[in-house]
Amino acid sequence: PATVDVYFHVIQAGTTLANGNVPATQVQAQIDVLNEDFASTGLSFRLRNTTRTTNSGWFNNAGPNTSQQTAMKNALRQGGAAALNIYTVGFRSAATDGLLGYATFPSSYSSAPRDDGVVALYSSLPGGTATNFNLGRTITHEVGHWVGLYHTFQGGCSGSGDQVSDTPAEASFATGCPIGRDTCSSAGVDPIHNFMDYTDDACMSEFTTGQTTRLTSQLATYRGI
Ligand code: ARG
Ligand code: ZN
Ligand code: CA
């Protein structure tokens, strides 16, 4: 039962909430959601520090593979392989429109240590304004990647999929909350309630035993946790 230290970096384009100035209560509420959602895995999270930076370039444009992301992480990342750095931004550029979040995998840490972490839309925090995605499960999902989990729809109906045997295969990501969806003939209905699918926050409620086994091994191998 490991505890992960969290360094939370709030990026703002100004001083209003609509410009990313999320209050400390919302940051702590996000940590609480992580602790609830990961409780079955034995992993817990402790907020070590919150930083606040006003930078509209980072707030608007810090998508995957951008110079703004690199500059942001180089300036702010704290800790080693075991430290979880979370950045909240606005994703207001054309290239990032509609993005909720993205993350790095444990196996990438050794080759790109400063890139390691989770970037998420500030309005996806619990109580935020992102419709259907404002219960904090975006960061739960992204932290799922950060501990080494793939999407439940990885590989579609065939192949090695998400490398976890107790998440039934599904042909593609599910949206909304389609109870009973069954897109592959292999056993089991689609795992729409899994945190590693793409369903609405209110639909998501579980990591499986197999995912716990995988994340435990990934954390031991790559993060020394
Ligand atoms: N990587 C996904 C995206 O950016 C995140 C999905 C989060 N899902 C959720 N229900 N919060 O679209
Ligand atoms: Zn994902
Ligand atoms: Ca099936």
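For the structure itself, look to the data block above.
**Student:** An account of the coordination of the calcium ion (ligand 3) is requested, with residue identities and associated values reported.
**Tutor:** In this structure, Asp182 (OD), Cys184 (O), Ser186 (O) and Gly188 (O) serve as the protein donors to the calcium ion (ligand 3), at separations of 2.3 to 2.4 Å. Taken in chain order, the donor set of the calcium ion (ligand 3) reads D-x1-C-x1-S-x1-G. For cysteine 184, a relative accessible area of 4% gives the class buried.

**Student:** Give a description of the sheet that holds strand β3 (residues 84-89) that names residues and reports values.
**Tutor:** The 5 strands are arranged β2-β1-β3-β5-β4 in an open sheet whose pairing can be described as mixed. One side of each edge strand has no neighbouring strand; the edge strands of this open sheet are β2 (44-54) and β4 (101-103). If you compare each strand with its neighbour and ignore which way they point, the axes differ by 20° on average. Pairing of strand β1 (residues 3-12) with β2, which is carried by 10 bridges, proceeds in the parallel orientation. Across the sheet, the residue bridging to aspartate 5 is arginine 46, located in β2. Strand contacts of helix α1 (residues 24-37): β1, β2 and β3, with the helix running at about 150° to β2, the strand carrying the most contacts.

**Student:** Please set out the pattern of salt bridges residue by residue, giving values where relevant.
**Tutor:** Inspection of the entire model under this criterion finds 8 salt bridges. Between arginine 48 and aspartate 5 there is a salt bridge, with its nearest N and O atoms 3.4 Å apart. A residue pair is termed long-range when its members are at least 10 positions apart, and arginine 48 in strand β2 and aspartate 5 in strand β1 qualify at 43 residues. Residue class for arginine 48 comes out partly exposed when judged on its relative accessible area of 46%. Between aspartate 115 and lysine 73 there is a salt bridge, with the nearest N and O atoms lying 3.2 Å from each other. With aspartate 115 in the loop between β4 and β5 (118-121) and lysine 73 in helix α3 (residues 67-76), this pair connects stretches of sequence that are 42 residues apart. Through salt bridges with shared partners, one network takes in Asp5, Arg46 and Arg48.

**Student:** Tell me about the coordination of the zinc ion (ligand 2), and name the residues and values.
**Tutor:** The protein atoms that coordinate the zinc ion (ligand 2) are His141 (NE2), His145 (NE2) and His151 (NE2), at distances spanning 2.0 to 2.1 Å. Motif for the zinc ion (ligand 2), donor spacing along one chain: H-x3-H-x5-H. Of the two residues, histidine 141 is situated in helix α4 (residues 137-146) and histidine 151 in the loop between α4 and α5 (209-223); the sequence distance between them amounts to 10 residues. Each member of the pair, histidine 141 together with histidine 151, is buried.

**Student:** For unusual backbone geometry, give the residues involved together with the corresponding values.
**Tutor:** Positive phi, normally seen in glycine, also occurs at asparagine 65, with a value near 55°. Along the chain, the position of asparagine 65 falls in the loop between α2 (56-61) and α3. Its identity is not glycine, yet glutamine 163 carries a phi of approximately 65°, on the positive side. Looking at the secondary structure, you find glutamine 163 in the loop between α4 and α5.

**Student:** Go over the site of ligand 1, please, and point to the residues and values.
**Tutor:** Taken together, 13 residues sit near ligand 1, with Gly101, Thr138, Glu142, Thr199 and Asp201 positioned nearest. Within the contact set of ligand 1, an oxygen atom lies 3.1 Å away from a backbone nitrogen or oxygen of glycine 101. In this structure, glutamate 142 approaches ligand 1 through a side-chain N or O atom, which is 3.0 Å from a nitrogen atom. Per-element accounting of the shell around ligand 1 gives the leading share, 4 residues, to α4.

Calculation criteria
Residues numbered from 1 in each chain as written. Chains lettered and ligands numbered in written order. Predicted model: local features only at pLDDT ≥ 70, side-chain atom pairs only at ≥ 80, totals over all residues. Heavy atoms only, no water. Donors = N, O, S within 2.8 Å, 3.2 Å for Na, K, Ca; no water. Buried < 20%, exposed > 50% of the residue type's maximum accessible area, 1.4 Å probe, protein only. Pairing = 2+ DSSP bridges. Helix = DSSP H or I, 4+ residues; strand = E, 2+ residues; numbered from the N terminus. Axes fitted to C-alpha atoms, helices over the stretch in contact; angles between N-to-C directions. Contact = heavy atoms within 4.5 Å. Salt bridge = Lys/Arg side-chain N within 4 Å of Asp/Glu carboxyl O. Near = heavy atom within 4 Å. Polar contact = N/O pair within 3.5 Å; in protein donor to acceptor, adjacent residues only side chain to side chain.

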